[in-house]
Amino acid sequence: TAGQAEAWRALCPSPAQMLGFDCDAPLPAAGELLQRRQRHFARPQKNYYRQPPQIERGWKEHLFDVEGRAYLDMVNNVTIVGHGHPRLSAAVGRQWSLLNTNSRFHYASVAEFSERLAGLAPEGLDTVFLVNSGSEANDLAIRLAWAYSGARHMLSLLEAYHGWTVASDAVSTSIADNPQALTTRPDWVHAVISPNTYRGAFRGEGSTVDYVRAVSEKLEELDQRREGLAGFICEAVYGNAGGIPLPPGYLQAVYATVRARGGVCIADEVQVGYGRLGHHFWGFEEQRVVPDIITVAKGMGNGHPLGAVITRREIAEALEKEGYFFSSAGGSPVSSVVGLTVLDILHDEALQENARTVGDHLKVRLQALGERFPMVGAVHGMGLYLGVEFVRDRETLEPATQETAAICDRLLELGVIMQPTGDHLNVLKIKPPLCLSRESADFFAEMLERVLDDGW
Ligand code: PLP
């Protein structure tokens, strides 16, 4: 791996080459900075590294720490076009120098970006709200559902994550992210069992009927209480557990049931949209449905705070009639230029295509590990959104939680950044920049094999 790190470093231009000036300012020592971070930075997620590497810069799918170590970034679902992209730095620098202001003003890049997003959405979804994050986008989508339906009750999937702001947090019931999620849910949120075909209540692809019945039963409870339905929010693949595809036909049936009761269907594309699944630009295309509202964020800004809600004009107008929407920085000229440049890079570098070919290749390599190591219970997902689920027993599916944490620590030592995820923290969720090369995918598979071979 030392040789590999050397090769990555050789590819990465120096700060002086990238910026046209030298930015090698002296940095505080890693240990000292960690102490300062622990003293002043709010507590990070539970499953964060105990000793996070102090990253100094990045290039494509590689990260470099202050001590000169190189890492392969396999978890970064935000930086989709890769780290240190020169086209983004140039475009942002130019726009910052010209103007950045709030979105109240009429500005070319804002109109152009809204138009591009509407053009990427299915026909009829032609109205775009620009915000700063996925949580905000989902909060706004729920407000739109309330305004349009005139009802308040929302359906979401158990163990999903949709954000941390008040409404998006309410529809998130991921126990790993928030252990209180099941007890503190407000009374307008109704969580139905997740259609997890691997370890859910019903197994296998034939489980669609049972999972759809679970939704109908929830709705019947609402009918009995004479409560109206505002909408349904979910991701088009079961994201929290590493991208398990929903059973075939699930969303078609659920969308029809929800719409029959006057509710609107929200597709949370924050993780799975923008080509990550490789085969389609949007995740919901996998299920052959068209949502009423799409929410998107994360990769669309490549790490810059940017999110959007895309919907039909009549739904947007319902909010205009009875509510208010204004976001100071959402879709600012700089944010819109970032959004436009990310779309250009995705297109010009054929990154969705790369997600498909490299993702398919990596999945085959990971599945081969499943033949050697019984602990690899399953390899989920598609494109560059894969999940390796570790179990102690393939029959009982007992989650290998401690083992997964140890594997991640060992991978870090070998130069791979990876985190445990899922409600049992027993899944390696693989979501690298979409520019991941085939060589890097092979490196990851080899390092994982080495860890599994050596023990941890
Ligand atoms: N929706 C999904 C599916 C997510 O994974 C996340 C973040 O992890 C969000 C929404 C919230 O996005 P943000 O962190 O930008 O607020």
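Residues numbered from 1 in each chain as written. Predicted model: local features only at pLDDT ≥ 70, side-chain atom pairs only at ≥ 80, totals over all residues.

## Side note on the packing of helix H13 (residues 401-413) against helix H14 (residues 438-454)
For any two helices packed against each other, the geometry is given by the interaxial angle and the distance between the axes. Going by this rule: A fitted line through C-alpha atoms serves as each axis, taken over the contacting stretch for helices, and the angle formed by two N-to-C directions is quoted from 0 to 180°. Secondary structure elements are defined from DSSP: runs of H or I of at least 4 residues count as helices, runs of E of at least 2 residues count as strands, and each element is numbered from the N terminus. When describing relative orientation, an angle under 35 degrees is termed roughly parallel and one over 145 degrees roughly antiparallel, while 65 to 115 degrees is termed roughly perpendicular and anything else oblique. Whether a crossing is left-handed or right-handed is set by the direction in which the near helix is turned from the far one by less than a right angle, anticlockwise for left-handed and clockwise for right-handed. A residue pair is marked as a contact if its C-beta atoms, positioned from the backbone, fall within 7 Å.
Where H13 contacts H14, the two axes come as close as 10 Å, and the packing angle between them is 125°. When the axes of H13 and H14 are compared, the pair comes out oblique. The crossing of H13 and H14 is right-handed. Where H13 approaches H14, its residues Ile407, Arg410 and Leu411 are matched on the opposing element by Met447, Leu448 and Val451.

## Details of helix H11 (residues 333-348)
Each turn of an α-helix holds 3.6 residues, which means side chains three or four residues apart point in the same direction. We count it as follows: Expected helix span is taken as 1.5 Å per residue step, with the number of steps being one fewer than the number of residues. Exposure classification rests on a simple neighbour count of other C-beta atoms within 10 Å of a residue's own: a residue reaching 20 or more is buried, one at 12 or fewer is exposed, and one in between is partly exposed. C-beta atoms are placed from the backbone.
Under the 1.5 Å per step criterion, the end-to-end length of H11 is 22 Å for 16 residues, consistent within 8% with the ideal 22 Å. Considered for burial, the residues of H11 that qualify are Pro333, Val334, Ser335, Ser336, Val337, Val338, Gly339, Thr341, Val342, Ile345 and Leu346. Looking at the buried side of H11, the elements it contacts are helix H4 (86-98), helix H5 (108-120), strand E4 (127-131) and helix H12 (351-372). Following H11 by one or two positions, alanine 350 has its phi on the positive side, about 50°.

## Some points on helix H6 (residues 134-149)
For H6, built from 16 residues, the straight-helix expectation of 22 Å at 1.5 Å per residue is met to within 8% by its first-to-last C-alpha distance of 22 Å. Taking burial as the measure, the 16 residues of H6 include 14 buried ones, the bulk of the element. After H6 finishes, the residue glycine 150 shows a positive phi value of roughly 75°.

## Here's the deal with the sheet that holds strand E10 (residues 264-268)
Quick note on the threshold: Pairing between strands is defined by DSSP: at least two bridges between the two strands are required.
The 7 strands lie next to each other as E4-E12-E11-E10-E7-E5-E6, forming an open sheet whose pairing is mixed. In the strand order of this sheet, the two ends are held by E4 and strand E6 (189-192), each with one partner. Taking each pair of neighbouring strands and ignoring which way they run, the sheet shows an average axis angle of 20°. As defined by bridge partners, strand E11 (residues 293-296) adjoins strand E12 (residues 307-311) across 4 bridges and the pair is classed as antiparallel. Bridge assignment links valine 296 to a residue of E12, and that residue is alanine 308.

## Looking at the nonpolar core
As a reminder of what qualifies: Only buried Ala, Val, Leu, Ile, Met, Phe, Trp, Tyr and Cys residues enter a nonpolar core, and they are joined through C-beta atoms within 7 Å.
In this structure, Ala141, Leu144, Ala145, Ile266, Ala308, Val309 and Val416 are the most contacted members of the largest nonpolar core, which totals 124 residues. In terms of residue count, H6 provides more of this core than any other element does, 8 residues in total.

## Considerations on unusual backbone geometry
Non-glycine residue lysine 298 carries a positive phi angle of around 45°. Residue placement: lysine 298 occurs in the loop between E11 and E12. One non-glycine residue with positive phi stands out, namely asparagine 302, at about 50°. Its place among the elements puts asparagine 302 in the loop between E11 and E12. By C-beta crowding, asparagine 302 is classed as buried, having 24 other C-beta atoms within 10 Å.

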